[in-house]
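What the coordinates show
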Number of protein chains: 2
Amino acid sequence: MNIGEASRASGVSAKMIRHYESIGLVPRADRQDSGYREYGPEDVHRLSFVRRARDLGFSLDRIRVLLGLWGDPSRTSAEVKALALTHIKELEEKARHLQEMADVLRGLSLACDGDGRPDCPIIAGLEAGPRPSSRPSRDLFPMPVDQAAKGKVLAP
Amino acid sequence: MNIGEASRASGVSAKMIRHYESIGLVPRADRQDSGYREYGPEDVHRLSFVRRARDLGFSLDRIRVLLGLWGDPSRTSAEVKALALTHIKELEEKARHLQEMADVLRGLSLACDGDGRPDCPIIAGLEAGPRPSSRPSRDLFPMPVDQAAKGKVLAP
DNA sequence: GTTGACCTTCCCAAGTTAGGAAGGTGCAGA
DNA sequence: TCTGCACCTTCCTAACTTGGGAAGGTCAAC
């Protein structure tokens, strides 16, 4: 089958299939006389594997490792599980981080009237910084936000 | 003060200060005779504002808007609050998404012995896909994971 | 004068996905 | 056979934020 059909069957766009081939994530596809890429069921299977791993937030680098384990008869489930647990930890860390940012902002928003006047605790919070001289009992910026803006979800 | 001191005072790296200037996020700094950038307290104040907004996950585009509101005496707190609430919604959506991915993966991990044998439900889950023919009572892939890999945390 | 810290501008990189240009191929119907 | 259309090829560009480094100018202290 051509790349278009393989794309539809695997859920990976043709663009991405070509890209994955170019970076060596998946092996170079056979070519037809025309130069068109030729795919078989096994190729689609592998592409679907990649797709699902992406859907679970694995980076391409980690998917590379997963594909290696997938095709390695002498792998141990311990290796796979370790990789998965590491990934889970990172996912939850990022989720927590995002939720913390949302919580801080919600705290500021609750204090904001949201009316026609310019006075706004949200602006004030951004302006005055994480540690205003007089602050409420619950610190609005409780954690070290130093590197707060660092994380990307899928491509850190 | 020079850019280095402004950087230390605001928490924004010199690299980033130059970049923010180049994209017009902050006004062009005055130059000394040497060509060095010259910063005053007001500039540091603005850079700190940007820094805190970044720490709360605002994109540079949104920070541009925030800076506009900040400096606009005729702003309404309603405008600010609306922007904040939109941002909170997005943050929480992304956090939820990440947590969902983690949950799915944790479900697979719990079923994995993690021993020396190759048999591994995690690999099987990736291989067999979101809807295996016979599946446990609790679907391991309950949500439409179609666009699961789309979100970036801070620069979507 | 020399050293070392600091500054300047400019180019390149990360990660993943997508859009488009310019041109070749394959197949159907008129 | 010709035309049209869908599909394919490769290559370039973009998004977003941050940082690394090169090559060279400036400033202060010694």
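Provided above is the structure to which this section pertains.
Here we summarise the structure given alongside this text. (Residues numbered from 1 in each chain as written. Chains lettered and ligands numbered in written order. Predicted model: local features only at pLDDT ≥ 70, side-chain atom pairs only at ≥ 80, totals over all residues. Heavy atoms only, no water.)

1. A few points about the protein's contact with DNA strand C
Near DNA strand C lie 23 residues; those nearest to it are Lys15(A), Tyr20(A), Tyr36(A), Arg54(A) and Gly4(B). In DNA strand C, atoms within 4 Å of the protein come from the sugar-phosphate backbone in 69% of cases. Within the backbone of Ile3(B), one N or O atom sits 3.3 Å away from a phosphate oxygen of DNA strand C. Between DNA strand C and the protein, one listed contact pairs a phosphate oxygen with a backbone N or O atom of Gly4(B) at 2.5 Å. For the surface near DNA strand C, the secondary-structure elements that each account for two or more residues are helix H2 (14-22) and helix H4 (60-70) of chain A together with helix H1 (3-10) of chain B. For the surface near DNA strand C, the element with the highest residue contribution is H2(A), accounting for four residues. Looking at side-chain class alone, the surface near DNA strand C contains eight nonpolar, seven polar and eight charged residues. (Near = heavy atom within 4 Å. Polar contact = N/O pair within 3.5 Å; in protein donor to acceptor, adjacent residues only side chain to side chain. Helix = DSSP H or I, 4+ residues; strand = E, 2+ residues; numbered from the N terminus. Nonpolar A, V, L, I, M, F, W, Y, C, P; charged D, E, K, R; others polar.)

2. Overview of the packing of aromatic side chains
We describe a pair of aromatic rings using the distance from one ring centre to the other and the angle between the two ring planes. Residue and element names in this part refer to chain A. Tallying each qualifying case throughout the model produces two aromatic pairs over all chains. Between Phe-49 and Trp-70, the ring centres sit 4.4 Å apart and the planes meet at 15°, which makes this aromatic pair stacked. With Phe-49 in helix H3 (residues 41-55) and Trp-70 in helix H4, this pair connects stretches of sequence that are 21 residues apart. Judged by relative accessible area, Phe-49 falls into the buried class, the value being 0%. Accessibility expressed as a relative area gives 18% for Trp-70, which makes it buried. (Phe/Tyr/Trp six-rings, centres within 6.5 Å; stacked < 30°, edge-to-face > 60°. Buried < 20%, exposed > 50% of the residue type's maximum accessible area, 1.4 Å probe, protein only.)

Bear in mind that shape data such as this cannot, by itself, settle questions of function.
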